[in-house]
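A look at the structure
Single-letter residue listing:
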Amino acid sequence: MSRPSPAPGAVLVRSAEAERQLQGLRTALSLAMGDRPAELYLAGGGVTALAAALGSEAEACLTALLESGVAIVAEAQASAPLAHGARRVSRSQLLAALAAAEFQQTF
């Protein structure tokens, strides 16, 4: 059985602070427009980034990421609504994906 190829890079947003979330979203978008795309992972308080206000820079980043084909992966949390094409995974699945990433940036 062959091992899967390494995952692309990962941008992990864990902070509930809007400015830190925005930094992570900007980084993911910048990487998506370059030659080192990264999947966006939202964990803990970072999942609240999916509730960005309409018309905000964070909402625009999420929309652009979705349109660019960047995977948005959110840690499964019952209280957090899914938006922007995000998919839910368990914490263990999220950690495994992060461990397989070629590189990681955390916010």
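Residues numbered from 1 in each chain as written. Predicted model: local features only at pLDDT ≥ 70, side-chain atom pairs only at ≥ 80, totals over all residues. Heavy atoms only, no water.

**Points about the sheet that holds strand E4 (residues 87-89)**
An order of E4-E3-E2-E1-E5 is seen for the five strands of this open sheet, with the pairing classed as parallel. Each end of this open sheet is capped by a strand with a single partner; those strands are E4 and strand E5 (104-106). With direction set aside, neighbouring strand axes in the sheet form an average angle of 25°. Two elements, strand E1 (residues 9-13) and strand E2 (residues 38-42), share five bridges in a ladder whose sense is parallel. Following the sheet pairing, Val11 is matched in E2 by Leu40. Its contacts with the sheet place helix H1 (residues 18-33) against E1, E2 and E5, and it is angled at close to 165° to E1. (Pairing = 2+ DSSP bridges. Helix = DSSP H or I, 4+ residues; strand = E, 2+ residues; numbered from the N terminus. Axes fitted to C-alpha atoms, helices over the stretch in contact; angles between N-to-C directions. Contact = heavy atoms within 4.5 Å.)

**Focus on the side chain of Gln21**
Looking at the secondary structure, you find Gln21 in helix H1. Look at Gln21 and you get buried, because its relative accessible area is 8%. In terms of polar contacts, Gln21 uses its side chain to reach the side chain of Thr48, at 2.8 Å. In this structure Gln21 touches Val13, Ser15, Ala16, Gly45, Gly46, Thr48 and Ala49, once residues within four positions along its chain are discounted. (Buried < 20%, exposed > 50% of the residue type's maximum accessible area, 1.4 Å probe, protein only. Polar contact = N/O pair within 3.5 Å; in protein donor to acceptor, adjacent residues only side chain to side chain.)

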